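Here is how the chains run, residue by residue.
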Amino acid sequence: MSALNGLKLVSAKRPQQASPVVTRRHKLSKQIYEQQQLATAMAEGGTYAPVRLRSVKDKHTGERKSIESAKRIKPWWFSAENGRVCLQVRYGTRVLDLAKGKNSIEVSNANELIAVLKTLQTAVDAGELDVQIDTASAAVRERFKH
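Just so we're clear, the structure is a prediction, and the values are computed from it rather than from any experiment. (Residues numbered from 1 in each chain as written. Predicted model: local features only at pLDDT ≥ 70, side-chain atom pairs only at ≥ 80, totals over all residues. Heavy atoms only, no water.)

Looking at the nonpolar core
Step number 1: With 22 residues, the main nonpolar core has L28, L87 and L120 as its most contacted residues.
Step number 2: If you list the elements that add at least two residues to this core, you get α2 (20-43), β4 (85-88), α3 (110-126) and α4 (130-145). (Core = buried A, V, L, I, M, F, W, Y, C linked by side-chain atoms within 4.5 Å. Buried < 20%, exposed > 50% of the residue type's maximum accessible area, 1.4 Å probe, protein only. Helix = DSSP H or I, 4+ residues; strand = E, 2+ residues; numbered from the N terminus.)

Overview of the sheet that holds strand β7 (residues 104-107)
Step number 1: On the basis of which strands lie adjacent, the open sheet formed by three strands has the order β3-β4-β7 and antiparallel pairing. Among the strands making up the open sheet, the edge pair consists of β3 (77-79) and β7. Sheet twist, expressed as the mean angle between neighbouring strand axes with direction ignored, is 30°.
Step number 2: One ladder, built from three bridges, connects β3 with β4; its direction is antiparallel. Opposite S79, over in β4, you have V85 as the bridge partner.
Step number 3: Running over the sheet, α3 touches β3, β4 and β7 and is turned about 145° from β7. (Pairing = 2+ DSSP bridges. Axes fitted to C-alpha atoms, helices over the stretch in contact; angles between N-to-C directions. Contact = heavy atoms within 4.5 Å.)

What to know about the side chain of Q36
Step number 1: Residue placement: Q36 occurs in helix α2.
Step number 2: Of note is the side chain of Q36, whose polar atom sits 3.3 Å from the backbone oxygen of L117. (Polar contact = N/O pair within 3.5 Å; in protein donor to acceptor, adjacent residues only side chain to side chain.)

With respect to the environment of V22
Step number 1: Tracing the backbone through its elements, the reader meets V22 in helix α2.
Step number 2: A relative accessible area of 41% means that V22 is categorised as partly exposed.
Step number 3: In this structure, the C-alpha to C-alpha distance between V22 and G127, residues 105 residues apart in sequence, is 8.7 Å.

Examining the pairing of β4
Step number 1: Burial of β4 is two-sided: the residues V85 and L87 facing one way and the residues C86 and Q88 facing the other way are all buried.
Step number 2: Counted along the chain from β3 to the antiparallel partner β4, the turn is five residues long, and its residue G83 has a positive phi close to 90°.
Step number 3: Of the strand pairs in this sheet, β4 and β7 are connected by four bridges, and their pairing is antiparallel. Paired with L87 across the bridge in β7 is I105.

Concerning the pattern of salt bridges
Step number 1: The full count for this structure, using the stated rule, is five salt bridges.
Step number 2: With a shortest N-O distance of 3.9 Å, D58 and K65 are connected by a salt bridge.
Step number 3: Note on K65: relative accessible area 44%, which makes it partly exposed. (Salt bridge = Lys/Arg side-chain N within 4 Å of Asp/Glu carboxyl O.)

This is the structure:
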């Protein structure tokens, strides 16, 4: 027991489920990470296509199989009329307003795009976009009510 004496022992209960705010924040953070990987791959001249498992039913036997398929990721950035690159943050199909009436971030090149995505990741993890995420999530929930 001398090895355990140096440790701080506490009585703790594991939470059963994360709060909805943390779940939404984690979802957006994961999407931003995928955009970072996509931007990095495009800057290096490669492609980024993460694989996911899909369950498929065999027509003849009726047996379910898991197969790997490439997940399609659409870039959040586009070229504006002035030739600069604009980045829009999306939550599902909704574009988030980052400030009142402003929904895009203008960058000049791929390296700056990657840096902006990392900054966005930090902001989401810190909870700076929780209000915007909550608004977009409420709009999505509202569509299901009708």
